[in-house]
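# A look at the structure
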Amino acid sequence: NSNKITFAFVGRMSYQKDPILLVYIIQRLHRWARKNNIATEFEILGEGPLLPPVKALVARLKLKEVTKFHLADADVAALMKRADILLLPSENEGLALVCYEAIESGAIPICSDVGGQSELIPEGLLFDALPRKAINQCVDIVDRLVKDPAFLANIKIQLQANYNTIKAEPSAHDVLMPRYLEAAKVN
C-alpha cells in the first residue's frame with residue numbers, strides 16, 4: 001500500500017547499532033510521511049542497555065502511537081514480511097545478516113555506510129554515519145523510493161543482483177572444512 005510504510009529495526013540496543021539515532025530518524029520520517037499523507041509504523045526489535053533510554057526518547061518525542069517494540073525473541077521473519085523498509089543505523093558493522101533477511105522478505109534495507117555494508121547494499125540506500133547527515137539522507141532515500149518508480153525498480157534489481165552474487169560465493173565452511181580435514185589426517 002503506497003499510503004502506508006512499515007519500517008523495521010532489528011538489532012541490539014547498544015552503542016554499535018546507534019538506536020538513539022534511529023529514534024531521531026523515526027521522528028523525521030514520521031514528519032515527512034505526515035506531509036506526504038502516508039501513514040507510518042515503526043517496529044523495533046531488540047534488547048540491550050540502551051532500550052530504556054530509547055523508549056524514553058520515543059515517549060518524549062511523542063512517537064509512541066507509531067512505534068512498537070518487540071523483545072529479541074520475537075519472530076524476525078514475520079516482522080520482515082510486514083516491513084517495507086529496514087532501517088539500520090550503525091556506528092560500525094561487518095555485513096549485517098539482518099540485511100539478508102530483509103532482502104529475502106522483500107523489505108528494502110537502508111543502512112549506514114560502514115563496514116562491509118556496501119558489498120550488499122547499493123550506494124543509493126546507504127547513508128552517512130554522522131547523525132545530522134544520516135537523518136537528512138535517510139529521509140531523502142525514503143522520499144526517492146516513494147516518489148521515483150524508476151529508482152525503486154533499479155534499487156530492487158541491484159539489491160537482488162548483489163544478494164545473488166554474495167550467496168553464490170563459497171561459504172567459509174566449504175572453503176575451510178577440506179583444509180581442516182586434511183590437517184587432521186594422521187600419517
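Above this text is the structure in question.
Throughout what follows, the structure given in this document is the object of discussion. This structure is a prediction, so every number in the text was calculated from the model and none was measured.

Rules of the game
In this convention, every chain numbers its residues from 1, walking through the sequence in written order. The predicted nature of this model means local features are confined to residues of pLDDT at least 70 and side-chain atom pairs, given and counted, to a pLDDT of 80 or more, with totals for whole chains, interfaces and linings taken over all residues. For the side-chain quantities, the full set of heavy atoms in the structure was used; hydrogens and water were omitted. Strand pairing follows a simple DSSP-based rule, namely that at least 2 bridges must link the two strands. Note on conventions: DSSP H or I runs of at least 4 residues are helices, E runs of at least 2 residues are strands, and numbering of each starts at the N terminus. Three exposure classes are used, based on accessible area relative to the maximum for each residue type with a 1.4 Å probe and protein chains only: buried under 20%, partly exposed in between, and exposed over 50%. Throughout, a contact is declared for two residues whenever any of their heavy atoms are within 4.5 Å.

### Details of the sheet that holds strand β3 (residues 67-70)
Spatial strand order, β3-β2-β1-β4-β5-β6: six strands in an open sheet with parallel pairing. Bordering the open sheet on either side are β3 and β6 (126-127), each of which pairs with just one other strand. Here seven bridges tie strand β1 (residues 4-10) to strand β2 (residues 39-45), and the two strands are oriented parallel to one another. Bridge assignment links valine 10 to a residue of β2, and that residue is leucine 45.

### Section: the environment of valine 66
Here valine 66 lies in the loop between α2 (51-60) and β3. In this structure valine 66 comes out as buried when scored by relative accessible area, which is 10%. Remark: the alpha-carbon pair of valine 66 and glutamate 41, spanning 25 residues in sequence, is separated by 5.0 Å. Residues within four places of valine 66 in sequence aside, it is in contact with His30, Thr40, Glu41 and Phe42.

### Brief notes about the environment of leucine 145
For leucine 145, the location among the structural elements is in helix α6 (residues 131-147). Sequence separation between leucine 145 and leucine 51 is 94 residues; the distance between their C-alpha atoms is 29 Å. Those residues in contact with leucine 145 that lie beyond four places of it in its chain are Ile85, Ile108, Ile110, Leu125, Phe151, Leu152 and Ile155.

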